[in-house]
There are 2 protein chains.
Amino acid sequence: MTDSTEAPRRTRIQQEKRELILEAALEVFSTNGFRGSTIDQIAEAAGMSKPNLLYYFRRKEDIHETLMERLLETWLAPLRELDDIGDPMTELRSYIRRKLEMARDFPRESRLFANEILQGAPRIMPLLTGELKTLVDEKAAVIKGWMRAGKIARTDPWHLIFAIWATTQHYADFDVQVRAVLGPNRGGEGRFEDAARFLEQLFLDGLKPKG
Amino acid sequence: MTDSTEAPRRTRIQQEKRELILEAALEVFSTNGFRGSTIDQIAEAAGMSKPNLLYYFRRKEDIHETLMERLLETWLAPLRELDDIGDPMTELRSYIRRKLEMARDFPRESRLFANEILQGAPRIMPLLTGELKTLVDEKAAVIKGWMRAGKIARTDPWHLIFAIWATTQHYADFDVQVRAVLGPNRGGEGRFEDAARFLEQLFLDGLKPKG
DNA sequence: CAAATTTTTGACCGATTGGACAAACGTTAG
DNA sequence: CTAACGTTTGTCCAATCGGTCAAAAATTTG
C-alpha cells in the first residue's frame, strides 16, 4: 500500500477534496492566469473556505504545480502515439484529429498551458528544454524518415509540428475570437467539424508528395 | 489646433510622457497580463513614480485600454491590405509573410492581444463581434471569389484566415517554447526564415488549384 | 462509549495592491 | 519679481492578497 513515488499516502477524503480543488483551480487559473487568480476564487469555486483549501494545498503555487504536472502528460500523449508503423499520411491525419479533439474537449487545459507559455514559462521551462525537446526531436526524426522514403513532401519537421500545435490549439486558446468572428450560426457546435475538414485539406494536400 | 476627435489637447510633455508610459506598459502587460501587472512595475519601467504615472493616466485600466485601441488598428492592417487586385496566390503569400514579420517585430503586441483573448476578451469583446467580424467577413468574401474563379483551391475562407493567424502568431506567443524545442542552434535568428519557408510551402501547396 | 485523529472554520496578520491628495517643485508669461 | 500653471513627489488609505493559527467540529479508531 506504500506509494512507489515520493507522494505521501492520503486518505480517501483527501483524495476527493484534492481532486475537487484541482478541478476548480483549472477553471480559475485557465481564465485568469496564475497571478490573476486568487485562492479565494478557487476556494469558492470548490465550495470550501480558504483555510480549508490551504489545508490540502499549503501554497497557491502547489496547486498550479500539480495541475501543470498532470497536464503535460496528457497533453503530449497524442504526440507520443505518433508512430513509425502505419501509413505516414494516416498517422499525421489522426494526430491532427486527436489534437483538435483535445482542443474541443479540454480547452481549459489548453488555455492553462498557453497562459504559462505566454508569460515566459517561468514554472516549466526545464520541462520544455528537457522532456519536450527530446520528444519533439525524436518525432521529428521519424517524420524525416518518412520524407526520405518519399512518403510525404520534404519540409521542416519541427515547424510542421509547430503548425499542427498552433492551428489546433487556436480553437481552444482563441475560442472567443473564433466564435465572435464566425457568428452565431457557423460558430456553433459544428465549428470543430468545419475546422477538422479545413485542416485536413490544408495539411494533407500541402504535404502530398509530388509524385 | 483643436483635435478633430474627442481626445483632449495635450502639452508636448504630456505627449512624450504618455508615450513613455505606454511603451513601458506594453512591456509589462504583455509578459504579466493585466491583473498580473502592477502600476508600480509600469512606473518603474517608465522611470517615474507611481503618483506621477497616475497623473497622466488616471486608472490602470486607462493605460490598457489606450494600448488595446492602438494595437488593434496596426494589428489588422495586414488583413485590410489583402486586396482583390493582384494575383490571389501572391496576395495570400504576402499576407502570410507580413503577419510573420509582425510576429517577429512586434511580439509584445501579439502577446498582449493573446492575453486579452485568452481571458475571454472582457475588454474588447464588442470589437471582436463588430469591427473584426465585419472585416473578416469582407475578406472571406474576397477569398471566396478567388475560389469561384478557380484561382485557389476551394476551402473554408474563415478557417483559412484562422490558420494563418494561428501559425504566424505562434512564433510570437509561444516564442519561448519554439526556442526551447529548436535549441540554441536552430532557435537563433534564422528561425523566422525557416518558419517563412515552411509556411509558404504548407499554405501554397495546400491551396494550389488541382489543375 | 471515549480517545485519537482528521477536517473545518473564524479571526487574524503582514505585505501588496490601486488610487487619492495636498504640498512641493519647476516653468513660463506678464 | 510674481502670479499662474503644469509637473512631481511623499504620505496616506481602504481593499485585497497569500498565508497562519488556535480552536471547534466531524470523523475514525479502540
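Residues numbered from 1 in each chain as written. Chains lettered and ligands numbered in written order. Predicted model: local features only at pLDDT ≥ 70, side-chain atom pairs only at ≥ 80, totals over all residues. Heavy atoms only, no water.

Caption draft 1: Spotlight on the packing of aromatic side chains. One pass over the structure, following the stated rule, counts ten aromatic pairs over all chains. Members of the aromatic cluster, joined through ring pairs, are Phe162 and Trp165 of chain A together with Tyr171 and Phe192 of chain B. In this arrangement the basic side chain of Arg123 of chain A is found over the ring face of Phe34 of chain A, its NZ or CZ atom lying 4.0 Å from the centre. (Phe/Tyr/Trp six-rings, centres within 6.5 Å; stacked < 30°, edge-to-face > 60°. Lys NZ or Arg CZ within 6 Å of the ring centre and 35° of its normal.)

Caption draft 2: Summary view of unusual backbone geometry. All names here are of chain A. For Ala121, which is not glycine, the phi torsion reads 50° and is therefore positive. Relative to the helices and strands, Ala121 is located in the loop between helix H6 (107-118) and helix H7 (125-148). Here Ala121 falls in the buried class, since its relative accessible area comes to 0%. (Helix = DSSP H or I, 4+ residues; strand = E, 2+ residues; numbered from the N terminus. Buried < 20%, exposed > 50% of the residue type's maximum accessible area, 1.4 Å probe, protein only.)

Caption draft 3: Geometry of the protein's contact with DNA strand C. Not every one of the 17 residues close to DNA strand C is listed here, only the nearest: Thr11, Lys17, Tyr55 and Tyr56 of chain A together with Lys60 of chain B. Restricting the count to atoms of DNA strand C within 4 Å of the protein gives a sugar and phosphate share of 57%. A distance of 3.2 Å separates a sugar or linking oxygen of DNA strand C from a polar atom in the side chain of Asn52 of chain A. Contacts to DNA strand C include Ile39 of chain B, whose backbone N or O atom sits 3.0 Å from a phosphate oxygen. (Near = heavy atom within 4 Å. Polar contact = N/O pair within 3.5 Å; in protein donor to acceptor, adjacent residues only side chain to side chain.)

Caption draft 4: Broad picture of the interface of chain A and chain B. Tallying the contact residues gives 59 residues for chain A and 59 residues for chain B. Here chain A packs against chain B, burying approximately 5000 Å² in sum over the two surfaces, 66% of which is carbon and sulfur. When the buried surface of chain A facing chain B is broken down by residue, Leu118, His159 and Val181 of chain A rank first, second and third, together holding 15% of it. Our count for the contact surface shared by chain A and chain B stands at two salt bridges. (Contact = heavy atoms within 4.5 Å. Buried area = accessible area lost by both parts, 1.4 Å probe. Salt bridge = Lys/Arg side-chain N within 4 Å of Asp/Glu carboxyl O.)

Caption draft 5: Looking closely at the packing of helix H4 (residues 60-81) of chain A against H7 of chain A. All names here are of chain A. Across the interface, H4 lies against H7 with an axial gap of 11 Å and an inter-helix angle of 15°. Viewed along their axes, H4 and H7 adopt a mutual orientation that is roughly parallel. Our pair here, H4 against H7, has a crossing hand that is right-handed. Along the contact surface, H4 presents Leu72, Glu73, Leu76, Leu79 and Arg80, while H7 presents Leu127, Glu131, Leu132, Leu135, Val136 and Lys139. Residue composition of the contact of H4 with H7, grouped by class: seven nonpolar, no polar and four charged. (Axes fitted to C-alpha atoms, helices over the stretch in contact; angles between N-to-C directions. Parallel < 35°, antiparallel > 145°, perpendicular 65-115°, else oblique. Left-handed = near helix turned anticlockwise from the far one by under 90°. Nonpolar A, V, L, I, M, F, W, Y, C, P; charged D, E, K, R; others polar.)

Caption draft 6: Fine view of the confidence of the model for chain A. Residue and element names in this part refer to chain A. Put simply, chain A has an average pLDDT of 91, and 92% of its residues get 70 or more. Mean pLDDT across the elements of chain A bottoms out in helix H10 (residues 191-207) (90) and peaks in helix H8 (residues 157-173) (98). When the criterion is pLDDT under 50, residues 1-7 qualifies, and its contacts beyond four places in sequence or with other chains add up to two contacts. (pLDDT = per-residue confidence, 0-100.)

Caption draft 7: Layout of the relation of the copies chain A and chain B. Aligned on chain B, chain A shows an RMSD of 0.1 Å; the corresponding rotation is 180° and the shift along the axis is 0.0 Å. Classification of the inter-copy transformation places it as that of a two-fold axis. Looking at the interface residues of chain A, 100% of them are also at the interface in chain B, so both copies use one shared face. (Least-squares fit on C-alpha atoms with pLDDT ≥ 70 in both.)

Caption draft 8: How the structure looks around the side chain of Lys99 of chain B. All names here are of chain B. Along the polypeptide, Lys99 turns up in helix H5 (residues 88-105). No salt bridge forms around the buried Lys99; measuring N to O, its nearest opposite-charge neighbour Asp173 is 8.9 Å away. Leaving out residues up to four positions away in the same chain, Lys99 has contacts with Trp75, Pro78, Trp165, Thr168 and Gln169. (Lys, Arg positive; Asp, Glu negative; His and termini not counted.)

Caption draft 9: How the structure looks around H4 of chain A. All names here are of chain A. Helix length check: H4, at 22 residues, gives a terminal C-alpha distance of 33 Å against a target of 32 Å (1.5 Å per residue), a fit within 8%. Where H4 bends most, at Trp75, the angle is about 25°, and the proline Pro78 comes one to four residues later. Listed as buried for H4 are Lys60, Ile63, His64, Thr66, Leu67, Met68, Leu71, Leu72, Trp75, Leu76, Pro78 and Leu79. (Expected span 1.5 Å × (residues − 1). Bend = angle between axes of the 7 residues up to and from the residue.)

Caption draft 10: Looking closely at the environment of Glu189 of chain B. Looking at where Glu189 of chain B falls in the secondary structure, it is placed in the loop between helix H9 (175-186) and helix H10 (191-207). Residue classification places Glu189 of chain B among the exposed positions, given a relative accessible area of 71%.

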